[in-house]
Amino acid sequence: VQLQASGGGLVQAGDSLRLSCAASFGVWNMGWFRQAPGKERTFVATISRSDYNTYYANSVEGRFTISRDNAKNTVYLQTNSLKPEDTAVYYCAAGVSGSLKQLSDYSYWGRGTLVTVSS
């Protein structure tokens with residue numbers, strides 16, 4: 001499966017962005033991860049494929065919202081109240097099992113979309 005992420009950009013602190021990730025086919029558990037310059041890729045949010053259960057990293061809880069449209073094979077990440085520390089390349093990923101919070105739970109990865117938040 002191919003994943004295409006979009007929606008990144010340069011914004012100011014406090015602004016919002018809506019990231020999208022379209023899968024070429026299928027309905028998967030979907031996750032968002034991010035990688036800041038010089039740092040490891042870390043978990044941001046995930047949504048299960050059938051129950052629509054969601055989980056968030058503590059750092060984004062209450063500011064980010066993950067959602068999905070299975071008819072479009074698309075997952076969204078609404079990012080509000082952005083902070084400079086949210087600056088990173090955001091990657092979407094697709095998988096079928098696991099806790100959904102680990103990189104190893106996902107089999108397919110998109111190329112990523114860059115989010116830059118200026119202070």
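Residues numbered from 1 in each chain as written. Predicted model: local features only at pLDDT ≥ 70, side-chain atom pairs only at ≥ 80, totals over all residues. Heavy atoms only, no water.

Asker: Account for the overall build of the chain, naming residues and giving values.
Answerer: Across its full length, the chain carries zero helices and 11 strands. Each helix (α) and strand (β) of the chain, taken in turn from the N terminus, gives the series β-β-β-β-β-β-β-β-β-β-β. At 13 Å, the chain has a C-alpha radius of gyration in line with the 14 Å of a compact globule built from 119 residues. Oriented by its inertia axes, the alpha-carbon framework of the chain measures out at about 40 × 25 × 25 Å. Counting every position in the chain, which comprises 119 residues, the buried fraction comes to 42%. Within the chain, contacts between residues separated by at least 24 positions form 54% of all contacts whose residues are at least 6 apart in sequence. Surface accessibility of the chain: about 6,100 Å² in total, with carbon and sulfur atoms responsible for 45%. Across the chain, the mean location of the 11 positive side-chain charges is 4 Å away from that of the 8 negative side-chain charges. (Helix = DSSP H or I, 4+ residues; strand = E, 2+ residues; numbered from the N terminus. Rg over C-alpha atoms; globule rule 2.2 N^0.38 Å. Buried < 20%, exposed > 50% of the residue type's maximum accessible area, 1.4 Å probe, protein only. Contact = heavy atoms within 4.5 Å. Areas by Shrake-Rupley, 256 points an atom, 1.4 Å probe, with all protein chains shown as cover. Lys, Arg positive; Asp, Glu negative; His and termini not counted. Charge placed at Lys NZ, Arg CZ, Asp CG, Glu CD.)

Asker: With reference to specific residues and values, describe the side chain of Thr79.
Answerer: Mapping Thr79 onto the fold places it in strand β8 (residues 74-79). Judged by its relative accessible area of 3%, Thr79 is buried. Filtering out sequence-adjacent residues up to four positions away, Thr79 remains in contact with Asp15, Ser16, Leu17, Arg63 and Phe64.

Asker: For the environment of Val27, give the residues involved together with the corresponding values.
Answerer: Mapped onto the elements of the fold, Val27 is located in the loop between β3 (17-23) and β4 (29-35). Assessed through its relative accessible area of 35%, Val27 is described here as partly exposed. Along the primary structure Val27 and Cys92 are separated by 65 residues, whereas in three dimensions their C-alpha atoms are 14 Å apart. Not counting the four nearest positions on each side in its chain, Val27 is found in contact with Arg49, Arg68, Asn70 and Asn73.

Asker: Describe the sheet that holds strand β7 (residues 64-69), naming the residues involved and giving the relevant values.
Answerer: Spatially, β1-β3-β8-β7 is the arrangement adopted by the four strands of the open sheet, whose pairing is antiparallel. Of all strands in the sheet, those bounded by a partner on one side alone are β1 (3-6) and β7. Neighbour-to-neighbour, the strand axes of the sheet open up by a mean angle of 15°, direction not taken into account. Where β7 meets β8, six bridges bridge the pair, whose relative direction is antiparallel. (Pairing = 2+ DSSP bridges. Axes fitted to C-alpha atoms, helices over the stretch in contact; angles between N-to-C directions.)

Asker: Residue-level account of unusual backbone geometry, with values.
Answerer: Located in the positive-phi region is Tyr52, a residue other than glycine, with phi close to 60°. By secondary structure assignment, the location of Tyr52 is in the loop between β5 (41-47) and β6 (54-56).

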